[in-house]
Structure formats: C-alpha cells, structure tokens
Amino acid sequence: MSDIRHSLLRRDALSAAKEVLYHLDIYFSSQLQSAPLPIVDKGPVELLEEFVYQVPKERGAQPKEQTKDSVRQIMFSSLFSPQGNKADDSRMSLLGKLVSMAVAVCRIPVLECAASWLQRTPVVYCVRLARALVDDYCCLVPGSVQTLKQIFSASPRFCCQFITSVTALYDLSSDDLIPPLDLLEMIVTWIFEDSRLILITFLNTPIAANLPIGFLELTPLTGLIRWCVKAPLAYKRKKKPSLANGHVTPKAAPDSAGTDRDSHLLYSKLHLSVLQVLMVLQVHLTEKNLYGRLGLVLFDHMVPLVEDVNRLADELNPLNASQEIELSLDRLAQALQVAMASGALLCTRDDLRTLCSRLPHNNLLQLVISGPVQQSPHAALPPGFYPHIHTPPLGYGAVPAHPAAHPALPTHPGHTFLSGMTFPFRPIR
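1. Examining the side chain of Asn 310
Position of Asn 310 among the secondary structure elements: in helix H14 (residues 299–315). Sequence-distant contacts of Asn 310, defined by excluding residues within four places in its chain, comprise Arg 358, Leu 359 and Pro 360.

Laid out in structure tokens, this is it:
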C-alpha cells in the first residue's frame, strides 16, 4: 500500500480518488476469492480516507512539516544572511520589503524565519531591518501601526526579537534616537498585556556557554532598562531651549505637553513591567541551571548607561531638572537592586559603588549600593539581650531589654555621650 500511496501523491485529487477505487476493487476481489468474509486491513481504509474523503494523513505529517520548516529556514538564511559584500545592500532592501509585506498579510512562516534571522545576524543588520519596519508602520502612513500591533498573537517570537532590535536602534543618545510615540505605545501594550513576551527567546533557545559578541541579546531587558532610566533626562534635553542668532528659542512644539505626559505614563508602565519580569527570572534561571552563571543584564552594558546618565545630568541644569534626575536615578536603583536579587545582574556591591560613585546623590541609589546590614549570629549575644536590627550608634552600648528586678527609681546607667558624634548610616532592610 505504501507504493500505491507514493504514486497517488503525484496525482491531482480527482484522478487519485479514481485510482484508489480501482486498486481497492482489485484488492477486495482477491480477498473474496480466498475468504468469504475478508478482514479489512488498516492500509486500504487509510487510502480511502486520505484520497477519497480528503482527510489529512496524521501518520508522518509532523515530521514532514518539520522538514518543510527546516528547509524554509535554510532557504531564508541562504538568501538574506549578510556576506560582507556589495550585495548586502540589495539583500537588506529586499528583506525589509519581504518582512514588511509579511506583517501586512500576517504571514507567520516568514515572520518566524525573520525571528531566527534576527537571532543569528550581527546587530548592525538587525537595526537596519528594524528601521525599515518602523519607517513603514510608524512614520510613513499614520495609523498603520495597528497592523504591526496585530502580529503580537500571530508570532510572539518575532515580536520579542523586534523589541530587542528596536531598543538597540533607539538608544536615546540624541533627539533623533528617541522612539516614536506610536512605537513606544505599541511595545508597552505588548509587554503590559503579557510581560513573558520579553523572555520568549531566552526560554526557547539552547543557551551557549559564551554568548556571541556583536549579536542581539537573548532578551530586550537591557535595552528596556536603558529606555526607562534615560527617558526623563532625554525628554528634558529635547525641550531644552537652544540658542539661535543669540536668542533663546524653545525646541519643543507648542502641542508637545500632552505628548510628553503620554510618554511619561508609558515609560512608567514599561518600568513596572520590566521589574516584574526581573522578579520572576530567578525561577527560570534556576530551572535552566543557570542561576549565578549567566547574567541576562550584563554589567558591561550598565557601565555606558551610568555614564550616559551622568553626562545628561551634567548637561542639564540641575536646578531646572532636579525632578527628572531624581526619577532617572530612582529607576536605575530599582532596576539594579531587582536585577541583582534575581540573579540577572552578576556583580558585587563594591562594583556598584565604583560604577555609581560619580552620579548625583540619590537616597534610593545610596541604599542599593550600601547593601543590607549583616547581622551577627544570635548565639553570640549574651543572654537577656535583644538582637538589635541595626548596630547601636557610636557612643552607646547595648541595653538589656528587661532587667530581672527593677530597683526603686535608680539613677540611669551612665552612658558616655559623645558630643558632635554623628549616627552611622544604616539602611533599612
């Protein structure tokens, strides 16, 4: 029956059905000659269902689909992988048009191939594809971003890689590299609806011992942290008046106040989502046996972020941008603390102190880089003494909680008071 099936696969549906009936007629005729009540085998029934009733054959269908997908991935990679020659420009132009069309018609196989391409291609080419899609759906035609937004449910893997590419493209280093409001709103909507979108590539990719340099990161976490931390200062810089012919001219448009309010709210929602993702990372890192071994938020990428924040804070007048600087440093402190606690950021408190030493003072950041107070074991305390949460201030000893007997109004024990002695800083755990 397998030989008959292979010959039928090359025919059209009508001739295949006729051929099946012909072969079944011969088969059952021969069966009736040998037995009055022949037993119907499974093979003829499967042929009848597949070629007469057009029921898809389940046996072997999945390997066939996997083979088709593998061939599709190989063809896509051979067509669009950069080769470092003059043809790369034509290659990237054609790829941008293809992926843009796939977004428009929601062609999932092409989007999945593009997601794999983004994962295996140097970041300089990934941002070019991201730029082409942003131009098509966020800049050229107003309202077309809704088409791009709809692929969230069709290909989450492509959405994750697209977010990673976009955060690499728009690093807020200049006014031109601030993400468009439509793009920002779409990404925040995606992540706020399901924050696990950020981790799709990480959760579904075999992790190598050493991640390749010059490619997209496994998650867009670092880029999203950069957005949230730098946004208050970048938007303040955008509104900063400039000098033209000796006169101060405002850079912001008159109707930009509402846009700024919308963007600030979006960055706040994004920051919350990023912190929530960081909080659940410890579970996933432990499941993959990578806790303490793989940092998804690299310390080397935090160094330029802190340098950019410090430069922007110096560039802006602290008297006019104190709220923005405070907000930026608060978000940086929160991201650093949660990333370290979850195992996403692998560094020590001493590393943080050195990194953040030149930043403006911030109470929350000071708490983070100081770390929790280490307690001595309770067994080392004398009996009857209360184990203090904080070490006592200098000049004051530990006092028994409740003496065994209270004498009648004795004089207070003579604690030595040191005038001018300041209390040491102890952060609250």
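2. Regarding unusual backbone geometry
Phi is positive for Cys 106, which is not a glycine, with a value near 55°. Among the secondary structure elements, Cys 106 is positioned in the loop between helix H5 (87–105) and helix H6 (108–120). Of note in this structure, Asn 289 is not a glycine but carries a positive phi near 60°. Mapped onto the fold, Asn 289 is located in the loop between helix H13 (256–287) and H14. A relative accessible area of 53% means that Asn 289 is categorised as exposed.

3. Regarding the confidence of the model for the chain
Counting all residues, the mean pLDDT for the chain is 81, and 75% of those residues have values of 70 or more. Within the chain, the element-level pLDDT minimum falls on strand S2 (residues 247–249), averaging 53, and the maximum on helix H9 (residues 156–169), averaging 97. Note on residues 59–64: pLDDT is under 50 here. Beyond four places in sequence and across chains, it has one contact. Under a pLDDT of 50 for its full length, residues 383–429 has, in the predicted model, 38 contacts with residues more than four places off or in other chains.

4. Brief notes about the packing of aromatic side chains
Enumeration according to the criterion identifies five aromatic pairs in this entry. With a centroid separation of 6.3 Å and an interplanar angle of 20°, the aromatic rings of Phe 152 and Trp 190 are classed as stacked. Of this pair, Phe 152 sits in the loop between helix H8 (145–149) and H9 while Trp 190 sits in helix H10 (residues 181–193), placing them 38 residues apart in sequence. Residue classification places Phe 152 among the buried residues on the basis of a relative accessible area of 15%. Aromatic side chains Phe 158 and Phe 162 sit 6.2 Å apart centroid to centroid with 20° between the ring planes, which places their arrangement in the stacked category. Placement of both Phe 158 and Phe 162 in helix H9 is noted, with a separation of four residues, approximately one turn of the helix. Given the relative accessible area of 0%, Phe 158 is considered buried. Here a set of aromatic residues connected by ring pairs shows up, and it is made of Phe 152, Phe 158, Phe 162 and Trp 190.

5. Brief notes about the state of the cysteines
All chains considered together, the criterion is met by zero disulfides. The closest cysteine sulfur to the non-disulfide-bonded Cys 356 is located on Cys 347, 8.9 Å from its own sulfur.

6. A word on H14
Because each turn of an α-helix spans 3.6 residues, side chains separated by three or four positions end up pointing in the same direction. Over its 17 residues, H14 extends 24 Å from the first C-alpha to the last, a length consistent with the 24 Å expected when each residue adds 1.5 Å. Restricting attention to buried positions, one finds in H14 the residues Met 302, Leu 305, Val 306, Val 309, Asn 310, Leu 312 and Ala 313. An end-on view of H14 places all buried positions within 165° of arc, on one side of the element. Opposite the buried face of H14, at more than 90 degrees from it, the exposed residues are Asp 300, Glu 307 and Asp 314. Next to the buried residues of H14 lie helix H12 (221–239), helix H15 (322–342) and helix H16 (349–355).

7. A closer look at the pattern of salt bridges
It is possible for side chains bearing opposite charge to pair when their charged atoms get close. Counted according to the given criterion, the structure contains nine salt bridges. Close ionic contact of Arg 91 with Asp 88 constitutes a salt bridge, the shortest N to O distance being 2.7 Å. Of this pair, Arg 91 and Asp 88 both sit in helix H5, three residues apart, roughly one helical turn. Here Arg 91 and Asp 88 have matching classes, each one buried. Residue Asp 194 is joined to Arg 196 by a salt bridge in which the shortest nitrogen-to-oxygen separation is 3.0 Å. Residue classification places Arg 196 among the exposed residues on the basis of a relative accessible area of 59%. Put simply, Lys 230, Asp 308, Arg 311 and Glu 315 are held in one network by salt bridges that share partners.

8. Re the packing of helix H7 (residues 123–140) against H9
One can describe the packing of H7 onto H9 by two numbers: an axis separation of 8 Å at closest approach and a directional angle of 100°. Judged by the angle between their axes, H7 and H9 are roughly perpendicular. Contacts from Val 123, Cys 126, Val 127, Ala 130, Arg 131, Leu 133 and Val 134 in H7 reach Phe 158, Phe 162, Ser 165, Val 166, Ala 168 and Leu 169 in H9. Grouping the constituent residues of the contact of H7 with H9 by class yields 11 nonpolar, one polar and one charged.

9. Some remarks on the nonpolar core
By size, the foremost hydrophobic cluster in this structure holds 101 residues, and its most contacted members are Phe 158, Phe 162, Trp 227 and Leu 278. Ranked by the residues each element gives to this core, the list is headed by H12, at 10 residues. In this structure, Phe 162 is in contact with Leu 118, Ala 130, Leu 133, Val 134, Leu 148, Leu 183, Met 186 and Trp 190, ignoring residues within four places of it in sequence. Counting residues in hydrophobic clusters, the runner-up holds six residues, among them Val 20, Leu 24, Leu 47 and Phe 51.

10. Section: the environment of Pro 220
Topologically, Pro 220 is positioned in the loop between helix H11 (200–203) and H12. Judged by relative accessible area, which is 1%, Pro 220 ranks as buried. The spatial distance from the C-alpha of Pro 220 to the C-alpha of Thr 167 is 7.0 Å, given a sequence separation of 53 residues. In this view, Pro 220 contacts Cys 160, Ile 163, Thr 164, Thr 167 and Ile 198; residues no more than four positions away in its chain are not counted.

Cut-off values and rules
- Residues numbered from 1 in each chain as written.
- Predicted model: local features only at pLDDT ≥ 70, side-chain atom pairs only at ≥ 80, totals over all residues.
- Heavy atoms only, no water.
- Helix = DSSP H or I, 4+ residues; strand = E, 2+ residues; numbered from the N terminus.
- Contact = heavy atoms within 4.5 Å.
- Buried < 20%, exposed > 50% of the residue type's maximum accessible area, 1.4 Å probe, protein only.
- pLDDT = per-residue confidence, 0-100.
- Phe/Tyr/Trp six-rings, centres within 6.5 Å; stacked < 30°, edge-to-face > 60°.
- Disulfide = S-S within 2.5 Å.
- Expected span 1.5 Å × (residues − 1).
- Arc of directions from axis to C-beta.
- Salt bridge = Lys/Arg side-chain N within 4 Å of Asp/Glu carboxyl O.
- Axes fitted to C-alpha atoms, helices over the stretch in contact; angles between N-to-C directions.
- Parallel < 35°, antiparallel > 145°, perpendicular 65-115°, else oblique.
- Nonpolar A, V, L, I, M, F, W, Y, C, P; charged D, E, K, R; others polar.
- Core = buried A, V, L, I, M, F, W, Y, C linked by side-chain atoms within 4.5 Å.

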